[in-house]
Amino acid sequence: MKNERVFKMTFASVYPLYIQKAERKGRTKTEVDSVIFWLTGYDDAGLAMQRKNEVDLETFFANAPKINPNTSQIKGVVCGVRVEEIQDPIMQKIRWLDKLVDELAKGKSIEKILRS
């Protein structure tokens, strides 16, 4: 199953890719971290621990302290799929994060990305 492969990717392997994507567009690691903190409830120490332990994406989201209640406001298309229509809860969370990083890389203000 295609999703299984994505779920088993380690967060530590995709995290630098998120940062690279943002930095290529003039954004910062701190902004990427802010987006991740907003979505998952992790803090600096929690995020570092998840990377150090090389948890897979499924575990990363399963262990998230608190998924933000405003995630229903994340709308749009990632990889040709509307994030609000994804049925699998883990895949939806992964795509939410992808969408937020995309918005960051496209120059959207951090306040709008965090639905403030």
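Visitor: Would you mind showing me how to read the packing of aromatic side chains here?
Guide: Evaluated as defined, the whole model comprises 4 aromatic pairs. Aromatic side chains Phe11 and Tyr15 sit 5.4 Å apart centroid to centroid with 40° between the ring planes, which places their arrangement in the tilted category. Of this pair, Phe11 and Tyr15 both sit in helix α2 (residues 11-24), separated by 4 residues, roughly a single helical turn. Residue class for Phe11 comes out buried when judged on its relative accessible area of 0%. Seen from their ring centres, Phe11 and Phe60 are 4.0 Å apart, and the 5° between their planes marks the pair as stacked. Here Phe11 is found in helix α2, whereas its partner Phe60 is found in helix α5 (residues 57-62), with 49 residues between them in sequence. Through a chain of ring-to-ring contacts, the aromatic side chains of Phe11, Tyr15, Tyr42, Phe60 and Phe61 assemble into a single cluster.

Visitor: Teacher, can you tell me more about helix α4 (residues 44-52) here?
Guide: Since there are 3.6 residues in each turn of an α-helix, residues three or four apart along the chain are aligned in direction. If you check which residues of α4 are buried, you get Gly46, Leu47 and Gln50. The arc that holds the buried residues of α4, viewed along the axis, is 100°, so those residues lie on one side. Away from the buried face of α4 by more than 90 degrees, exposed residues Asp44, Ala45 and Lys52 are located. Elements that come into contact with the buried residues of α4 comprise α2, α3 (29-40) and α5. Its side-chain oxygen 3.3 Å from the backbone nitrogen of Ala45, Asp43 forms the N-cap of α4. Positive phi shows up at Glu54, right after α4, with a value of about 50°.

Quick notes on the rules
Residues numbered from 1 in each chain as written. Predicted model: local features only at pLDDT ≥ 70, side-chain atom pairs only at ≥ 80, totals over all residues. Heavy atoms only, no water. Phe/Tyr/Trp six-rings, centres within 6.5 Å; stacked < 30°, edge-to-face > 60°. Helix = DSSP H or I, 4+ residues; strand = E, 2+ residues; numbered from the N terminus. Buried < 20%, exposed > 50% of the residue type's maximum accessible area, 1.4 Å probe, protein only. Arc of directions from axis to C-beta. Contact = heavy atoms within 4.5 Å. Polar contact = N/O pair within 3.5 Å; in protein donor to acceptor, adjacent residues only side chain to side chain.

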